[in-house]
Amino acid sequence: LSDLFFKYMDFTKCEGPQDFETKTSFLKPTLTLSETEDTWGNINDAIAHLSTLISAYKGQSGAIVSFVQSISDNLSKYIMSERSRLSGSGVMLVEVITKALGRDFAPLCEPLVPAIVVTCGRTNKVFVTRGVRCLSTIISYSHIPDQLPRFCESATEDSSKIMRLSMSKVVLASIEGCTVNELTPFIPVLERTISKGIVDADSEVRKTFKSAYEAYRKKFPDMIAAFNSKLSPIAQKYLGIKTAAPVAAGNSDGKPNPASRFMEFRKRVPLRERLAQNQMADPDNKQPAKTDKEGSVHRLRPIRPPPAVAPARPQPKEQTTTFNNVERLLMSPGGRTPALPKLFGDMSPSVSSSSAGVEGSVRPASACSVLRGSQSEQDQAALAPELSKEVDAANPAGEATNDNGSNASASSRPPSQQSLTRPGSAGARAA
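About the criteria used
Residues numbered from 1 in each chain as written. Predicted model: local features only at pLDDT ≥ 70, side-chain atom pairs only at ≥ 80, totals over all residues. Heavy atoms only, no water. Helix = DSSP H or I, 4+ residues; strand = E, 2+ residues; numbered from the N terminus. Buried < 20%, exposed > 50% of the residue type's maximum accessible area, 1.4 Å probe, protein only. Contact = heavy atoms within 4.5 Å. Areas by Shrake-Rupley, 256 points an atom, 1.4 Å probe, with all protein chains shown as cover. Phe/Tyr/Trp six-rings, centres within 6.5 Å; stacked < 30°, edge-to-face > 60°. Axes fitted to C-alpha atoms, helices over the stretch in contact; angles between N-to-C directions. Parallel < 35°, antiparallel > 145°, perpendicular 65-115°, else oblique. Left-handed = near helix turned anticlockwise from the far one by under 90°. Core = buried A, V, L, I, M, F, W, Y, C linked by side-chain atoms within 4.5 Å. Salt bridge = Lys/Arg side-chain N within 4 Å of Asp/Glu carboxyl O. Patch = residues over 30% accessible without salt bridge, like charges linked within 9 Å, V, L, I, M, F, W, Y side chains within 5 Å. Nonpolar A, V, L, I, M, F, W, Y, C, P; charged D, E, K, R; others polar. Arc of directions from axis to C-beta.

Engineer: Just to check I follow, could you spell out the overall build of the protein chain for this structure?
Structural biologist: When its secondary structure is counted, the protein chain shows 22 helices and 2 strands. Relative to its full complement of 431 residues, the protein chain shows a buried share of 37%. Taking as baseline every contact in the protein chain between residues at least 6 positions apart, the subset at least 24 positions apart corresponds to 63%. Split by element, the accessible area of the protein chain, about 26,000 Å² in all, is 54% carbon and sulfur.

Put into structure tokens, the structure is as follows:
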């Protein structure tokens, strides 16, 4: 019977409240069914017939409000359905009801608007587009300023980027669609929402809230200055708000303070030049003491130049003398071999003794010093004759020897003037 009624009943015409009540009585059993695989098609058709009937109804709005309230719980479930066709039919029915009721739609906001807000956070773009369009239609025809806190909370506090973007568009539609008197009780909520949304992580959300800020500035031009002062520096930067430069301390007319100009000059002078100027002005670092407001005397710390760093001492060149060259030069033609001094020590003769005997000789200081300063074999060969003469003068050939083969003159000398004899020399062989 219901199928025949849907098939032959004309829902495009409605004669009055009685006709509306009669036709809706046949639709109500279907609109109160639970959504299943077998029933969702009939529910979708019933919603479509109800939309046509409401569009054709020209009577008082009370009949529509009472009937929609009787099916509002099931209608909200149909709107939030995962089936795109059924959800779309429910959203379209709400748009038709809004256009038919106008401002009288307010009693139906609470059961239906939260369901439409849920569809605005879906990942499917079709659901989102339908939900935003339906809410914008409700705001345009019914205004519903009481629902603005709900929209603002979802636009700033929801974790879904899709939901924040959808609700930011709804907030913009609310600012543009509602009157000043309707928005005045919700000014704190609007300002808080815009200040948060303008620094949102998503660029599209920021762009939408920037448009909302411009709409708010046009609606409330007298309150925009106070609102700008509450915005964070980042929000002011995004909105392109230029803050006035602070006036220098001590001058209310806006002219720069001489003290501040002096500090700016001090900042421009390099530190090294300032140290040089202070040193020239006060070479003894005797700066005057300063007295604070309480009468305590504070003496400034002297400015000392950085300590000078002493240059590194140059390292002397190393002088090397080979032992073989010295031995060859000190060998005398007569077979006498005087004792060799310390090559790299002091130039004074050394003393040594052996169990067999003592043979000492004093090395001439001049020859040794010359040999020590020579750096090449050619210089050493040139100095060899002079060295031989000095050695012969120090050890004459006819000098007497002791019983053990050592020179008497050498044994008679003090121990500090005796030196060791080299193994293999003439004195050592005689011993």
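Engineer: Could you clarify how one ought to interpret the side chain of S154 in this entry?
Structural biologist: Structurally, S154 can be placed in helix α9 (residues 148-157). Judged by relative accessible area, which is 16%, S154 ranks as buried.

Engineer: I tried to follow unusual backbone geometry on my own but got confused; where do I start?
Structural biologist: Among all residues except glycine, the phi angle is most often negative; among peptide bonds, the trans geometry is most common. The phi dihedral of H143 falls on the positive side, at around 70°, and the residue is not glycine. One can find H143 in the loop between α8 (125-142) and α9. A positive phi is found at I144, a non-glycine position, where the angle reads about 35°. The residue I144 is located in the loop between α8 and α9 in this model.

Engineer: Hey, could you run me through the packing of aromatic side chains in this one?
Structural biologist: Going through the model one piece at a time under the given rule, you end up with 5 aromatic pairs. Relative to F227, the ring of Y213 has its centre 6.0 Å away and its plane inclined at 35°; by these criteria the two rings are tilted. On the criterion of sequence distance, the pair formed by Y213 in helix α13 (residues 203-219) and F227 in helix α14 (residues 224-230) is long-range, its members being 14 residues apart. Each ring, one from Y216 and one from F220, has its centre 5.1 Å from the other, and the planes form 40°; the classification is tilted.

Engineer: Just checking my understanding: could you explain the packing of α9 against helix α12 (residues 187-197) for this structure?
Structural biologist: A pair of packed helices can be characterised by two numbers: the angle between their axes and the separation between those axes. At a minimum axis separation of 10 Å, α9 and α12 run at an interaxial angle of 20°. Viewed along their axes, α9 and α12 adopt a mutual orientation that is roughly parallel. Note that α9 runs across α12; the crossing there is left-handed. Within the contact between the two elements, α9 uses L148, P149, C152, T156 and E157 and α12 uses V189, L190, T193, K196 and G197.

Engineer: Quick question: what am I supposed to make of the nonpolar core here?
Structural biologist: Counting 75 residues, the largest nonpolar core has F105, L135, I138, F151 and M167 as its most contacted members. Tallying contributions element by element places helix α3 (residues 40-56) first for this core, with 8 residues. Residues in contact with F105, not counting those within four places in the same chain, are V94, I97, T98, L112, I138 and S142.

Engineer: Explain the environment of E176 here, please?
Structural biologist: As for its position among the elements, E176 is in helix α10 (residues 161-177). In this structure E176 comes out as exposed when scored by relative accessible area, which is 53%. Spatially, the C-alpha atoms of E176 and H143 are 10.0 Å apart, while their sequence positions differ by 33 residues.

Engineer: Quick question: what am I supposed to make of the pattern of salt bridges here?
Structural biologist: Working definition: two side chains of opposite charge can pair if their charged atoms are close together. Counted by the stated rule, this structure contains 11 salt bridges. A salt bridge links E95 to R133; the shortest N-O distance between them is 3.3 Å. In this pair, E95 is assigned in helix α6 (residues 84-101) and R133 in helix α8, connecting sequence segments 38 residues apart. We classify R133 as partly exposed; its relative accessible area is 41%.

Engineer: Help me understand a nonpolar patch on the surface, please; the structure alone is not making it clear to me.
Structural biologist: A cluster of nonpolar side chains, namely V199, I234 and Y238, defines an oily patch on the protein surface of about 260 Å² accessible area. When you line up the elements, I234 lands in helix α15 (residues 233-239).

Engineer: I'm lost on the packing of α10 against α13 in this one. Help?
Structural biologist: One way to put it is that α10 packs onto α13 with a least axis distance of 9 Å and a crossing angle of 10°. By the angle between their axes, α10 is roughly parallel relative to α13. By crossing handedness, the relation of α10 to α13 is classed as left-handed. Between α10, through R164, L165, S168, K169, L172, I175 and E176, and α13, the contact on the second element is made entirely by E204, V205, T208, F209, S211, A212, A215, Y216 and K219. For the contact of α10 with α13, the class distribution of residues is 8 nonpolar, 3 polar and 5 charged.

Engineer: For this particular structure, what's the right way to read α12?
Structural biologist: Every α-helix carries 3.6 residues per turn, so stepping three or four residues along brings you back to the same face. Looking at α12, one finds that the buried residues are I187, L190, E191, T193, I194 and G197. Looking straight down α12, one finds its buried side chains confined to an arc of 165°; they lie on one side. On its buried side, α12 packs onto α9, α10, α11 (180-183), α13 and α14.

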